[in-house]
Amino acid sequence: MITSFLFYAFSLILVLAALGVITSRNPVHSALFLVLSFVQSALLWLLLEAEFLAVVLILVYVGAVMVLFLFVVMMLDVGIEEVKEGFTRYLPVGVLVAIIVVAEIVYIIWYRGQDIFSVVLPEPYPETYSNTQALGGLLYTEHVYAFELAAVILLLAIVAAISLTMRQRPGLKIQSIAQQVAVKREDRVRLVKVDPSEDR
Amino acid sequence: MTAILVQLDRLLDFFGLPDLIHYTLFNGIKIIIVLLPLIITVAYFTYAERKIIGFMQNRLGPNRVGWGGLLQPFADVIKMLLKEVLIPSNSNRFLFLLAPVLSLTTALAAWAVVPFDNEFVIADIDAGLLYILAVTSLGVYGVILAGWASNSKYAFLGAMRSAAQIIAYEIAMGFALVGVLMASGSLNLGNIVEAQAGTSVLNWFVWPLFPLFLVYFISGVAETNRAPFDVAEGESEIVAGFHVEYSGIAFGLFFLGEYANMILITALTTLFFFGGWLSPFSEVSALEGSFLSEPSFAWLALKMSFFMFCFLWFRATFPRYRYDQIMRLGWKVFIPITIVWIVVEGIMVVAKVGPWSV
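J.: How do you make sense of the overall build of chain B when you look at a structure like this?
T.: What chain B contains, in helices and strands, is twelve helices and zero strands. Reading chain B from its N terminus to its C terminus gives the helix and strand order α-α-α-α-α-α-α-α-α-α-α-α. By the compact-globule yardstick of 21 Å for 358 residues, chain B fits well, its C-alpha radius of gyration being 22 Å. Counting only residues that meet the buried cut, chain B has 51% of its 358 residues in that class. Within the structure as shown, chain B displays about 16,400 Å² of accessible surface, and the carbon and sulfur contribution to it stands at 69%. If you average the places of the 19 positive and of the 24 negative side-chain charges in chain B, the two averages end up 13 Å apart.

J.: Please explain the interface of chain B and chain A as it appears in this structure.
T.: By a widespread convention, an interface's size corresponds to the accessible area lost as its parts come together. With 26 residues of chain B in contact, the opposing surface of chain A contributes 26 residues. For the pairing of chain B and chain A, the buried interface totals around 2,100 Å² over both sides, and the portion due to carbon and sulfur atoms is 79%. Run the count over chain B and chain A and you get zero salt bridges. Counting every contact that joins chain B to chain A gives one residue pair in polar contact (both at pLDDT 80 or more). For the side of chain B that touches chain A, the secondary-structure elements that each account for two or more residues are helix H5 (128-149), helix H6 (153-184) and helix H12 (323-351) of chain B. Grouping the constituent residues of the side of chain B that touches chain A by class yields 19 nonpolar, two polar and five charged.

J.: Would you mind showing me how to read the pattern of salt bridges here?
T.: Oppositely charged side chains may form a pair once their charged atoms are brought near each other. Residue and element names in this part refer to chain B. Per the counting criterion, the structure on display carries six salt bridges over all chains. For Arg50, the salt bridge is made with Asp76, and the minimal N-O distance between the two is 2.8 Å. With Arg50 in helix H2 (residues 19-56) and Asp76 in helix H3 (residues 72-82), this pair connects stretches of sequence that are 26 residues apart. For Arg50, a relative accessible area of 37% translates into the label partly exposed. A salt bridge links Arg226 to Glu258; the nearest nitrogen and oxygen atoms lie 3.2 Å apart. Of the two residues, Arg226 sits in the loop between helix H8 (210-223) and helix H9 (235-238) while Glu258 sits in helix H10 (residues 248-273), which places them 32 residues apart along the sequence. The buried category is assigned to Arg226, whose relative accessible area is 3%. Members of the salt-bridge network, linked through shared partners, are Glu49, Arg226, Glu258 and Arg315.

J.: Can you help me understand a nonpolar patch on the surface in this one?
T.: Residues and elements named next belong to chain B. Together, Trp67, Leu70, Leu71, Phe74, Val77, Ile78, Leu81, Leu82 and Ile249 make up a nonpolar patch on the protein surface, roughly 920 Å² of accessible area in all. Ranked by residues supplied to the nonpolar patch, first place goes to H3 with five residues. Among the structural elements, Leu71 can be located in the loop between H2 and H3. Owing to a relative accessible area of 34%, Leu71 belongs among the partly exposed residues under this scheme.

J.: It is not clear to me how the confidence of the model for chain A should be interpreted in this structure. Could you clarify?
T.: The predicted coordinates of low-pLDDT regions are not to be read in fine detail. Taken residue by residue, chain A gives an average pLDDT of 83. The fraction at 70 or more is 88%. Ranking the elements of chain A by mean pLDDT puts helix H4 (residues 80-85) of chain A last, at 64, and helix H7 (residues 144-165) of chain A first, at 91.

J.: Looking at this model, I keep getting lost on the nonpolar core. Mind explaining?
T.: The nonpolar side chains of soluble globular proteins are, as a tendency, buried together. Residue and element names in this part refer to chain B. Membership of the largest hydrophobic core comes to 114 residues, with the highest contact counts inside it found for Trp111, Val114, Tyr141, Leu268, Phe272 and Phe273. Of all the elements, H5 adds the most residues to this core, at 14 residues. Apart from the residues lying within four places of it in its own chain, the contact partners of Phe273 are Val180, Gln196, Trp204, Phe205, Val206, Leu209, Leu212, Phe213 and Tyr216.

J.: What is the right way to look at H10 of chain B in this model?
T.: Three- or four-residue spacings in an α-helix give side chains the same orientation, since the helix completes a turn every 3.6 residues. Residues and elements named next belong to chain B. Compared with an ideal rise of 1.5 Å per residue, which puts 26 residues at 38 Å, H10 spans 38 Å between its outermost C-alpha atoms and is within 8% of the ideal. Here H10 lies mainly inside the structure; 20 of its 26 residues are buried. Of the residues flanking the end of H10, it is Gly275, one or two places downstream, whose phi is positive at about 70°.

J.: Looking at this structure, I do not really get unusual backbone geometry. What am I missing?
T.: Outside of glycine, negative phi angles account for most residues, and trans bonds account for most peptide bonds. Residue and element names in this part refer to chain B. One non-glycine residue with positive phi stands out, namely Asn58, at about 60°. Here Asn58 shows up in the loop between H2 and H3. Given the relative accessible area of 75%, Asn58 is considered exposed.

J.: Explain the side chain of Lys303 of chain B here, please?
T.: Residues and elements named next belong to chain B. Of note, Lys303 is situated in helix H11 (residues 297-317). Glu194 provides the closest opposite charge to the buried, unpaired Lys303, separated from it by 11 Å. Setting aside anything within four residues of it in sequence, one finds Lys303 in contact with Trp204, Thr270, Phe274, Gly275, Gly276 and Leu278.

J.: Explain the environment of Trp299 of chain B here, please?
T.: Residue and element names in this part refer to chain B. Locating Trp299 in the fold gives a position in helix H11. In this structure Trp299 comes out as buried when scored by relative accessible area, which is 11%. On a C-alpha basis, the gap between Trp299 and Val343 in space is 32 Å, while along the polypeptide they are 44 residues apart.

J.: For this particular structure, what's the right way to read the packing of aromatic side chains?
T.: Both the distance between ring centres and the angle between the ring planes are used here to describe each pair of aromatic rings. Residue and element names in this part refer to chain B. Scanning all chains against the criterion turns up 32 aromatic pairs over all chains. Measuring from centroid to centroid gives 6.0 Å for Tyr44 and Tyr47, while their planes differ by 75°, and the two rings are edge-to-face. Highlighted residues: Tyr44 and Tyr47, both in helix H2, separated by three residues, approximately one helical turn. Residue classification places Tyr47 among the buried positions, given a relative accessible area of 12%.

J.: So what exactly am I meant to see when it comes to the environment of Glu123 of chain A here?
T.: Residue and element names in this part refer to chain A. Inspection of the secondary structure assignment puts Glu123 in the loop between helix H5 (87-112) and helix H6 (131-141). Exposure remark for Glu123: the relative accessible area of 68% places this residue in the exposed category. Here the alpha-carbon distance between Glu123 and Met166, two residues 43 residues apart in the chain, equals 53 Å.

About the thresholds
Residues numbered from 1 in each chain as written. Chains lettered and ligands numbered in written order. Predicted model: local features only at pLDDT ≥ 70, side-chain atom pairs only at ≥ 80, totals over all residues. Heavy atoms only, no water. Helix = DSSP H or I, 4+ residues; strand = E, 2+ residues; numbered from the N terminus. Rg over C-alpha atoms; globule rule 2.2 N^0.38 Å. Buried < 20%, exposed > 50% of the residue type's maximum accessible area, 1.4 Å probe, protein only. Areas by Shrake-Rupley, 256 points an atom, 1.4 Å probe, with all protein chains shown as cover. Lys, Arg positive; Asp, Glu negative; His and termini not counted. Charge placed at Lys NZ, Arg CZ, Asp CG, Glu CD. Contact = heavy atoms within 4.5 Å. Buried area = accessible area lost by both parts, 1.4 Å probe. Salt bridge = Lys/Arg side-chain N within 4 Å of Asp/Glu carboxyl O. Polar contact = N/O pair within 3.5 Å; in protein donor to acceptor, adjacent residues only side chain to side chain. Nonpolar A, V, L, I, M, F, W, Y, C, P; charged D, E, K, R; others polar. Patch = residues over 30% accessible without salt bridge, like charges linked within 9 Å, V, L, I, M, F, W, Y side chains within 5 Å. pLDDT = per-residue confidence, 0-100. Core = buried A, V, L, I, M, F, W, Y, C linked by side-chain atoms within 4.5 Å. Expected span 1.5 Å × (residues − 1). Phe/Tyr/Trp six-rings, centres within 6.5 Å; stacked < 30°, edge-to-face > 60°.

Right, dumping it as structure tokens:
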């Protein structure tokens, strides 16, 4: 009873937050609504006893990705009028995409779920079940190659992103810490022998 | 403590309440048992800070209110409660008021999985370490929203600095915790402490994971925006940073959140690297049977106090980092150190060297 109540409460907030993302006039508010919808979907996953995925969703998307998103949105100060200008121009395309998506969802539900209303909730796992352990076991045994491949691709993306931004204009007066550290005494200090008896 | 909880459980049983109300009440009382002492600790931590830094700088610190200034924290709280909360013009009222609340709730929510001895913990969950990482990573929203909603350039600068800094140090922190996870083989905080139990102090993770401990603690200082990493406040450059527009209890909530976070970092450092509530003298035969050789909350509190002292010590000792140096330290020093040490640790685990081999 409580589970279904929580499910409907979280889903309601999720749908409202998702609506808020596209309807709010201020881009920062949109980003914050997106944060709220991420949190709500994490809570829905928690209801399904997928605590690892839920926590990772919050850790990665809410804790890191959305922070950078907000960072950029706040810095850019996007004017809402400019965004609104394109609305009527892009409306047909948007409607087309929406119709396709809805049609697909309806088709899947109609085709796969003829008896969807008789589907029962999955049995709750026993108390000793650990979602994290189960996922780790699968990732590092059965899917280890795919997992490693994904890791290598991500590493490649990091290297690519860094090398794209590593441009050094000549003539910039920024400090080079390696150079500063590598300075030797001889470069900076010169001992001068002054003859005290010599008078000017 | 556990005995009291068992009695409480029985008492609630006696009233024959429905399960839902029973558990809500029971956990509510557990939460109060954790939060009330925490808030009092925060109050006296601010007092200790002013006193200790005072002594380090050859001053007396607060000594007017109460005996030796002991009532100073309460005077401060009453002052803050009575002051007006000003809301700047053209600011976003809702977000402006939401920000301090967010910053406090995330600071307090993380305490849910922190065990205080081998029995007492509010929520004994499997993915405790991940939960801590996730919840502490939410704390930055309080700072960013405060800076943005204030409609002030100083607050905004502070928020931007803080966002970049916290993201940078979170990665190093997460990697350091991967080392702890590899050593203990568990994400549950209680199990992590139990994995450090053994014949002597040498079983604590601080020795095999020493570089990770340094990275974790320093990143913790940076994550809580404390000196020498307090550029988000940077009073000599941007007035008070993200909370420059806040007054009264709205500012007080930020303050409370910051100190609760500091205490949380000390608790986590103790649990992950210094054996938590375990006694350092567990196998000393001369102390056999005395309370000194027993694992207890007192040990946790003692170890935490040392790290809390370190926080204040750092503040009185180090000058503030320059911003590019903070970024350099986080990205180019700490992250490589942690990655190298995770590889070293992997080799140690495979070769069965170290305390986890037994």
